[in-house]
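# Fold and contact review
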Number of protein chains: 2
Amino acid sequence: MEIKKVGVALLGLGVVGGGTYKILTEKREAICKSDGVDIEIKRVLDKNSERIKELGIDESLVARSIDEIAADKEVHIVAEFFGGVEPARSFLIRALEAGKSVVTANKEMLSKCWHELELAARRGGGGVYFEASCVGGVPVIRTLTDSMQGNAITSMKGIVNGTTNYILSRMSDEGASYDACLKEAQRLGYAEADPSADVDGFDSTYKNSILSSLAYRTRVPVDTVYREGISDIDVKDIAIGKDLGYTIKLLAVSKCAGGAIEARVHPAFLPHSHPLSSVKGSFNALFLHGDNVGDVMLYGRGAGALPTGSAIVSDIAFAAGKERHRRFDFETEEVDRAKFVGDFSCGYYLRVIADSASLGKIIDVLRRNGVSDCAVKTVGENETVFVTHKIKESAAKRAVRDMELLSGVEKVAALIRIED
Amino acid sequence: MEIKKVGVALLGLGVVGGGTYKILTEKREAICKSDGVDIEIKRVLDKNSERIKELGIDESLVARSIDEIAADKEVHIVAEFFGGVEPARSFLIRALEAGKSVVTANKEMLSKCWHELELAARRGGGGVYFEASCVGGVPVIRTLTDSMQGNAITSMKGIVNGTTNYILSRMSDEGASYDACLKEAQRLGYAEADPSADVDGFDSTYKNSILSSLAYRTRVPVDTVYREGISDIDVKDIAIGKDLGYTIKLLAVSKCAGGAIEARVHPAFLPHSHPLSSVKGSFNALFLHGDNVGDVMLYGRGAGALPTGSAIVSDIAFAAGKERHRRFDFETEEVDRAKFVGDFSCGYYLRVIADSASLGKIIDVLRRNGVSDCAVKTVGENETVFVTHKIKESAAKRAVRDMELLSGVEKVAALIRIED
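Here the structure is a predicted model, which is why all the values come from computation and not from measurement.

What counts as what
Residues numbered from 1 in each chain as written. Chains lettered and ligands numbered in written order. Predicted model: local features only at pLDDT ≥ 70, side-chain atom pairs only at ≥ 80, totals over all residues. Heavy atoms only, no water. Helix = DSSP H or I, 4+ residues; strand = E, 2+ residues; numbered from the N terminus. pLDDT = per-residue confidence, 0-100. Contact = heavy atoms within 4.5 Å. Polar contact = N/O pair within 3.5 Å; in protein donor to acceptor, adjacent residues only side chain to side chain. Core = buried A, V, L, I, M, F, W, Y, C linked by side-chain atoms within 4.5 Å. Buried < 20%, exposed > 50% of the residue type's maximum accessible area, 1.4 Å probe, protein only. Pairing = 2+ DSSP bridges. Axes fitted to C-alpha atoms, helices over the stretch in contact; angles between N-to-C directions. Arc of directions from axis to C-beta. Least-squares fit on C-alpha atoms with pLDDT ≥ 70 in both. Right-handed = clockwise from strand over helix to strand, strands pointing away. Phe/Tyr/Trp six-rings, centres within 6.5 Å; stacked < 30°, edge-to-face > 60°. Lys NZ or Arg CZ within 6 Å of the ring centre and 35° of its normal. Salt bridge = Lys/Arg side-chain N within 4 Å of Asp/Glu carboxyl O.

## Considering the environment of A:Ile238
- Looking at where A:Ile238 falls in the secondary structure, it is placed in helix α11 (residues 235–243).
- As a C-alpha pair, A:Ile238 and A:Met171 span 67 residues in sequence and 7.7 Å in three-dimensional space.

## A look at the confidence of the model for chain A
- Mean pLDDT for chain A: 96, with 100% of residues reaching 70 or above.
- Scoring the predicted complex yields pTM 0.96 and, for the interface, ipTM 0.94.

## Concerning the environment of B:Lys397
All names here are of chain B.
- Mapped onto the elements, Lys397 comes out in helix α14 (residues 393–404).
- Spatially, the C-alpha atom of Lys397 lies 30 Å from that of Ala180, the residues being 217 residues apart in sequence.
- If we ignore the near neighbours within four places in the chain, the residues touching Lys397 are Tyr226 and Arg417.
- A polar contact of 2.8 Å, which involves the side chain of Lys397, links it to the side chain of Glu393.

## Some thoughts on the nonpolar core
- Counting 154 residues, the largest nonpolar core has A:Ile167 and B:Ile167 as the members making the most contacts within it.
- The contact partners of A:Ile167, leaving out residues within four places of it in the chain, are A:Tyr178, A:Cys181, A:Leu182, A:Ala185, A:Val199 and A:Ile230.
- One finds A:Val6, A:Leu10, A:Val103 and A:Ile312 within the second-largest nonpolar core, a separate group that totals 62 residues.

## Here we look at unusual backbone geometry
- The step from A:Glu86 to A:Pro87 runs through a cis peptide bond, and the omega angle for that step is 5 degrees.
- Secondary-structure assignment places A:Pro87 in the loop between β3 (77–80) and α4 (88–97).
- Phi at A:Asn382 is positive, roughly 60 degrees, even though this residue is not glycine.
- In this fold, A:Asn382 is placed in the loop between β13 (374–380) and β14 (383–388).
- A positive phi angle, near 55 degrees, is found at B:Val135, a position not held by glycine.

## Brief notes about the sheet that holds strand β5 (residues 128–129) of chain B
Residues and elements named next belong to chain B.
- As summarised here, the arrangement of the 5 strands in space is β2-β1-β3-β4-β5, forming an open sheet in which the pairing is parallel. The two strands at the open ends of the sheet, each matched to only one other strand, are β2 (37–45) and β5.
- With 4 bridges joining them, strand β3 (residues 77–80) and strand β4 (residues 101–104) adopt parallel strand pairing. Paired with Ile77 across the strands is Ser101, a residue of β4.
- Of the strands in this sheet, β1 (4–11) and β2 touch helix α1 (residues 15–35), which is tilted by about 160 degrees from β2.

## A look at helix α8 (residues 178–187) of chain A
Residue and element names in this part refer to chain A.
- Buried within α8 we find Tyr178, Cys181, Leu182 and Ala185. All buried residues of α8 project into a common sector of 105 degrees when viewed along the axis, lining one side. Structural note: α8 exposes Asp179, Lys183 and Arg187 on the side pointing more than 90 degrees away from its buried face.
- Its buried side turned inward, α8 meets α7 (162–174) and α9 (196–199).

## Some words on the relation of the copies chain B and chain A
- The operation relating chain B to chain A is a screw motion whose rotation component is 180 degrees, with 0.0 Å of axial translation and a residual RMSD of 0.0 Å. With respect to symmetry, the two chain copies, as superposed, fit the operation of a two-fold axis. Among all C-alpha atoms of chain B, that of B:Leu298 lies closest to the rotation axis, at 2.3 Å.
- Of the residues that chain B buries at the interface, 100% are likewise interface residues in chain A, meaning the two copies contact each other through the same surface.

## Considering the pairing of strand β6 (residues 153–159) of chain B
All names here are of chain B.
- With 6 of 7 residues buried, β6 is to be regarded as a mostly interior element.
- In this sheet, strand β10 (residues 283–290) lies alongside β6 in antiparallel orientation, the contact comprising 6 bridges. Note that in β10 the partner of Gly158 across the bridge is Leu286.
- In the sheet, β6 pairs with strand β8 (residues 246–257) via 4 bridges, with the strands oriented antiparallel. Among the inter-strand pairings, Lys157 is bridged to a residue of β8, identified as Val253.

## Re the pairing of β3(B)
Residue and element names in this part refer to chain B.
- Going residue by residue along β3, you find Ile77 and Ala79 tucked away on one face and Val78 and Glu80 tucked away on the opposite face as well.
- With 4 bridges joining them, β1 and β3 adopt parallel strand pairing. Residue pairing across strands places Leu11 opposite Glu80, the latter belonging to β3.
- The parallel pair β3 and β4, bridged by helix α4 (residues 88–97), forms a crossover whose chirality is right-handed.

## Here we look at the sheet that holds strand β5 (residues 128–129) of chain A
All names here are of chain A.
- Pairing is parallel across the open sheet formed by 5 strands, whose spatial order is β2-β1-β3-β4-β5. One side of each edge strand has no neighbouring strand; the edge strands of this open sheet are β2 (37–45) and β5.
- In the sheet, strand β4 (residues 101–104) pairs with β5 via 2 bridges, with the strands oriented parallel. Bridged to Val102 within β5 is Val128.

## Topic: the environment of A:Gly162
Residue and element names in this part refer to chain A.
- Take Gly162: it is sitting in helix α7.
- A relative accessible area of 17% places Gly162 in the buried class.
- When the C-alpha positions of Gly162 and Leu117 are compared, they lie 27 Å apart, and in sequence the two are 45 residues distant.
- Aside from chain neighbours lying at most four places away, what touches Gly162 is Gly281, Ser282 and Asn284.

## Section: the side chain of B:Asn369
Residues and elements named next belong to chain B.
- Structurally, the position occupied by Asn369 is in the loop between α13 (359–368) and β13 (374–380).
- Classification of Asn369 by relative accessible area gives buried; the value is 7%.
- Setting aside its immediate chain neighbours within four residues, Asn369 contacts Ile391, Ala395, Arg398, Ala399 and Asp402.

## Some points on the side chain of B:Thr308
- Structurally, B:Thr308 can be placed in helix α12 (residues 305–321).
- Once you skip the residues sitting within four places of it in the chain, B:Thr308 turns out to touch B:Val16, B:Ala105, B:Ala132, B:Gly136, B:Gly137 and B:Ala303.

## Observations regarding the packing of aromatic side chains
- Tallied over the full model, the rule gives 25 aromatic pairs over all chains.
- Relative to A:Phe344, the ring of A:Tyr226 lies with its centre 5.6 Å away and its plane at 65 degrees, an arrangement referred to as edge-to-face. Of this pair, A:Tyr226 sits in strand β7 (residues 226–227) while A:Phe344 sits in the loop between α12 (305–321) and β12 (345–354), placing them 118 residues apart in sequence.
- The class of A:Tyr226 is partly exposed, set by a relative accessible area of 26%.
- Residue A:Phe344 is classed as buried on the basis of its relative accessible area, which comes to 2%.
- An angle of 70 degrees between the planes, with centres 5.1 Å apart, marks the rings of A:Phe269 and A:Tyr349 as edge-to-face. Placement of the pair is A:Phe269 in strand β9 (residues 260–271) and A:Tyr349 in strand β12, with a sequence separation of 80 residues. Summarising the burial analysis for this pair, A:Phe269 and A:Tyr349 share the class buried.
- Grouped by ring-pair contacts, the aromatic residues A:Trp114, A:Phe130, A:Phe328 and A:Phe330 constitute a single cluster.
- For the cation-ring pair, B:Arg227 lies above B:Phe202, with the distance from its terminal atom to the ring centre recorded as 3.9 Å.

## Quick notes on the pattern of salt bridges
- What the rule picks out here adds up to 87 salt bridges over all chains.
- Note that A:Glu323 is salt-bridged to A:Lys4, the shortest N-O span being 3.0 Å. Taken together, the residues A:Glu323 in the loop between α12 and β12 and A:Lys4 in strand β1 (residues 4–11) connect sequence positions 319 residues apart.
- Take A:Glu323: its relative accessible area is 45%, and that puts it in the partly exposed class.
- Overall, the relative accessible area of 23% leaves A:Lys4 in the partly exposed class.
- A salt bridge links B:Glu68 to B:Arg64; the shortest N-O distance between them is 3.5 Å.
- Of the residues examined, B:Glu68 reaches a relative accessible area of 22% and is grouped as partly exposed.
- Put simply, A:Lys5, A:Arg28, A:Asp38, A:Glu40, A:Lys42 and A:Glu74 are held in one network by salt bridges that share partners.

Below is the structure:
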């Protein structure tokens, strides 16, 4: 195979950027042999000169601006490691317009600005690569783009955030409280000092938007994804759920049927037997269903310098070998909002604080909201759990409101959705 | 994206060929939109004219020979569905030499004749694609070739044969005998009338050869893969193993350390907590470890017309979009045999029929063969199970021979390897 020489610029040399630098340097020869592309790091950009020194990067490679990189004819691919929307967005658009391909792990920026990157890529002729944006080193993006062409994907369920999966796994295994497990996750570096992006579900929402857009071949904007985090989860419900045969996970779920799309992120109970139930700690997994392939699951580390660096490097090698880059049909921010279903359907777990005299009335409320039969479990004095079959979210919310209006009902202390 | 027109020929229209015909026809427009390639079926070849009629294929597409297809300038990709070495091998070499790319699910032919296909591909300029050869519609091949460039793969464990996994899962879940479960698998169409290719491990060996060759980037010939099937597995040992915390699987295992490669196929006990332990029935999975990405598992249906057809179609679309085809460094049949390790290491489960007076002597035999400590479990009158830590296969075999020479030992009734 004739060797193709490819120059790369790295924007940002933090944890993942530094990891990528190391992997690219270490595997250059092997990649040359396997893929026929000789990848050379031509430029780096980082305000922090300490990092450049620590990595032993030659001064001559240090760029002072994105313009310098955009103008460099020897740079073919620009990989970005900033995180957050700006300056990542402007820098990558600048690179794309200059004809480079770009590689990014930046799920927030990609999910919000995909149409702008796509348009810039069309103008410049390069491609947009983002394997590292979802589920770290596990090739979920390449699977959706390059291995599912023989399928219509009908649904996906993912554990796409390691921080929340770590916290929920510990709560589940040890019976420890949310706060204690969050602190432990922070101590171990699995959670940020400000954990909101993870625990409130934002990160999973960005990823759900990206994965669903690819799966259903239509842009699924972030703001159409329903979002609920894990900070209100009571360890008591995890234990009761376990008894009932369920494992709790923060799930990114989406479905597509007859052109109607629903996408959501929320804590959910899954049957213990579901393959996603055994995905523990900081591991991630994506479970998808295609009309021809059936069920497929991809599992591995969703974060960390080396797993994410591994995905970035594979994207660089993949982009380097391409002559025609994939184009996505997402050229505008506008989408037909009518096709997004807000009122999805699930099973529901409801823990209700109520005196026993009101149980009949509660069941009646459920019945009036479409629950023909339900499981009832006493879990404490004046505390009862109701498990429903699939009903509409709106019906579940209405049932909760109606229950709380009943005399004898103190409150609905927990509502957890159930997936199958 | 400019649409590229691509013509395809299908060789063989049996179960998978027919499934591929249907998927290609049904998804043509969607693939055109997502991948920018318009895939048209230009030629089919099958001696059975009934099949052609059943699929509603126009007479004008029917070719009378591979030469006619090789000469057809409108055919760019040839997909083969014959199975077995010949005529698949000759036909695909013919197509490659004529400059076509080829797509195949034929693990036996590929694992045995890869070097010949590779040489023909180099002469003609096309590529060799074989996603469907291992683990059906799950993109294990594409993952190894196009998503692991940032890694040295150090080990793999796979459940790569659905028939044997179905049989072992039923034996394990229901306590039914091997013979009963094999019959049931045959009745359901999961096993052939002559089940040897599956139950004796040949099929898994072909797949191990292909997967290991890709993972370690060096040809791992089929005859270097140790092979043992499942037909001697006693349901009794499955039950005892379950108690000890193990699930039985027919595993394809391979490892690469310091250039030394071991590859093997045999029944093995895995801890219940291992992600592969929950892969049940006819499902397959590949678990691999990369030095940067860590553990990755890919899971799904390993066989069947539509899952396999899905992989074939994704290969056709992938090949159609390529300008430069991947070249493998496997141009000769010769390999340096010194790098293959025959004497691998495992834990061992040994069920020994012996009177209780000889237990001390048995432990002494184990000790002399390198087992410093072992678990001993009485499982019947004059029947004891010994579980060792990791030792060499040669030491385990020697220990078995030495035990059987002891007076008081009737026989070693079971030897099952243990993986972690």
